[in-house]
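Structural description and commentary
One-letter residues, chain by chain:
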Amino acid sequence: MREFIVEADGGSRGNPGPAGYGAVVCDAATGQTLAEAAEYIGVATNNVAEYRGLLAGLRAAYALDPSASVHVRMDSKLVVEQMSGRWKIKHPDMKPLAAQARSVFPPDRVTYEWIPRDRNKHADRLANEAMDAGAKGLQWSPSASRADLDTPSAVPEPSGPPGDAAAGAARARAALSQGRTAGSPVPAGDDAEAEAEAVRRSGAVTPPEATEAAGDRTTTTTTAAAEDRTAETVDRTAAADGRTAAADDRAVADSRTAVAADDRPAAAADRPTAAAVSGHAAPTAEGRTTETADDRTTEAGGDRTGVAAGGGRRPGVADERRGRAGERRGRAGERRGGSGEPRVSTPGWSAAPDLGAPATFVLLRHGETPLTPQKRFSGSGGTDPALSDAGREQARRVAEALARRGTIQTVLASPLARTRETAGIVAARLGLDVTIEDGLRETDFGAWEGLTFGEVRERHPDDLTAWLADPEARPTGGGESFAETATRIAATRDKLVAAHAGRTVLLVTHVTPIKTFVRLALGAPPESLFRMELSAASLSAVAYYADGNASVRLFNDTSHLRP
């Protein structure tokens, strides 16, 4: 499914007074302007002009691709809040305009975001051009417009979670064009929980004492494509939360046909075509996906790889010399649903064209506990600590970030105290209830609970070595192996995907479950758990499609924790 960004604005010189609107449709993956619309509408209020601009932008997007998802950005708080359903529409002039706007696309394929006026310059210039034309007794002409030329070319800001991989890819291209290296990781922050700092290095273990000086840094291990995400990049609705060009062009170009007028809803019969709306030629069915599969793989970054056998594994890795038969058994089990049958997914670009909106899991690691800065194992078999004061503040900050998005529909939490408390703070801010899901609990670390990595190495060196080398090895004292955790998480995933298809769900859980969700989505081997950094109160996101494919949209985002 393709995704568009619609930016719209309206103005009135007198309120009410001579009024006009402007709207622009951009490709979410590239930032390319696809259509412009503007019109002088006579005497009207600012709010009416803004609604007219919204309606024109949605209709222009529909003319380009009726099956697309749309993310609307406007500097009118009133329109954004009313169309998002958070504010009531009382004015009689705006009610019919809002109803018409809602009828253009199915509501679950349109999301709304408020942006400052200085980020809405293109639409603002179009509206002023329309009002200037009206003052001369003329109508706005696409051929005379300079709005696109006068607006600085810029990659659109990442605006969605979940994990706006499309905007992130565009940012990466911008970084590369300026000579920056988009693939260089930034310094990792603390992983202060269960798996311990050093385990991610597998055979080359670094004692936790050498890393504790990092304190409570919350720098994310992202590339330049997403380093500077703001808190607004956390989340979108499942229908439009930042799909990559790869993930969203599920209907291959040559299988698409132009949509005839009689195929559109009746309410759309009088909608203008994109070519009529602006000077930008409407793309043909073939032209909508002119980039090659190789281009999309390079630029989108978040393409769906599915959970196919062997996915994500690279030959030559030393760990592959270990117990491959056991690994295959474990990974086969991870891909089984409740029925015990393997989940079959086919990675690639030719998936079925109508899969509907994905189930999107926004994965929130709980806030800090007193054990977090001490880097002690803290799983499901220990003392079950509550949040510290710092952890509660982290939970409040992430709650505000998610509230700004306004699109989380359900909150699920692990049964442990720290996740229940984090989820309670977030859910209260969102006006939702918390449902406990036992499958989201942390790994049981047996006799290692409450110990530092160094203490475990001193007391149980052989068990620790085996645990680092083999995902089926258990901690001392009969804890849970990573293979067992993966089987549990895979079953929980399948159950929740079936229960929440097309919805955006917040899962408040722990280090190992979140890394496992990501690992399974990527089809990565078990040792990849040791190569991920996950900070307290960080956000990650994975979308799950009806064909069994998955797309990692976001990982270890802590931008909401920055001052």
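Criteria and cut-off values
- Residues numbered from 1 in each chain as written.
- Predicted model: local features only at pLDDT ≥ 70, side-chain atom pairs only at ≥ 80, totals over all residues.
- Heavy atoms only, no water.
- Helix = DSSP H or I, 4+ residues; strand = E, 2+ residues; numbered from the N terminus.
- Expected span 1.5 Å × (residues − 1).
- Buried < 20%, exposed > 50% of the residue type's maximum accessible area, 1.4 Å probe, protein only.
- Contact = heavy atoms within 4.5 Å.
- Phe/Tyr/Trp six-rings, centres within 6.5 Å; stacked < 30°, edge-to-face > 60°.
- Pairing = 2+ DSSP bridges.
- Axes fitted to C-alpha atoms, helices over the stretch in contact; angles between N-to-C directions.
- Core = buried A, V, L, I, M, F, W, Y, C linked by side-chain atoms within 4.5 Å.

This paragraph deals with helix α15 (residues 482-499). For α15, with 18 residues, the first-to-last C-alpha span of 25 Å sits near the 26 Å given by 1.5 Å per residue. Within the span of α15, buried status applies to F482, A483, T485, A486, R488, I489, A490, T492, R493, D494, L496 and V497.

Turning next to the side chain of S414. With respect to the helices and strands, the residue S414 is situated in the loop between β7 (410-413) and α12 (417-430). If we skip the residues at most four places from it in the chain, S414 touches T419, R420, I436, E437, L440, R441, V508, T509 and H510.

Per the counting criterion, the structure on display carries eleven aromatic pairs. Consider the rings of F482 and F530, whose centres lie 5.9 Å apart with planes at 55°: the pair is tilted. On the criterion of sequence distance, the pair formed by F482 in helix α15 and F530 in the loop between α16 (511-522) and β10 (539-544) is long-range, its members being 48 residues apart. Of the two residues, F482 and F530, both sit in the buried class.

With that out of the way, let us pick up the sheet that holds strand β9 (residues 504-509). Spatially, six strands are ordered β8-β7-β9-β6-β10-β11 in an open sheet, and the strand pairing comes out mixed. Edge positions in the sheet fall to β8 (434-436) and β11 (550-557), since each has one partner strand and no second. Here the average twist between neighbouring strands, direction ignored, is 20°. By the bridge criterion, three bridges tie β7 to β8 in an arrangement that is parallel. Within β8, the position partnered with A413 by the bridge is I436. Here α12 sits on the sheet and contacts β6 (359-365), β7, β8 and β9; the angle it forms with β9, its principal contact strand, is near 145°.

Below, the discussion takes up unusual backbone geometry. For the peptide bond that leads from N15 to P16, omega is 0°, which places it in the cis range. One non-glycine residue with positive phi stands out, namely A537, at about 65°. Inspection of the secondary structure assignment puts A537 in the loop between α16 and β10. With a relative accessible area of 1%, A537 lands in the buried category. Of note, N556 is a non-glycine position whose phi angle comes to about 55°, a positive value. Structurally, the position occupied by N556 is in strand β11.

This part takes up the nonpolar core. By size, the foremost hydrophobic cluster in this structure holds 39 residues, and its most contacted members are Y51, L54, L58 and V72. Elements supplying a minimum of two residues to this core: β1 (3-12), β2 (17-27), β3 (33-44), α1 (46-64), β4 (69-74), α2 (77-83), α3 (95-104) and β5 (110-114). With eleven residues, the single largest contributor to this core is α1. Excluding anything up to four places from it in sequence, V72 contacts V6, L54, L58, V110, T111, Y112 and E113. In terms of nonpolar packing, the next biggest core, distinct from the first, is built from 21 residues, I489, V542, A550 and F555 among them.

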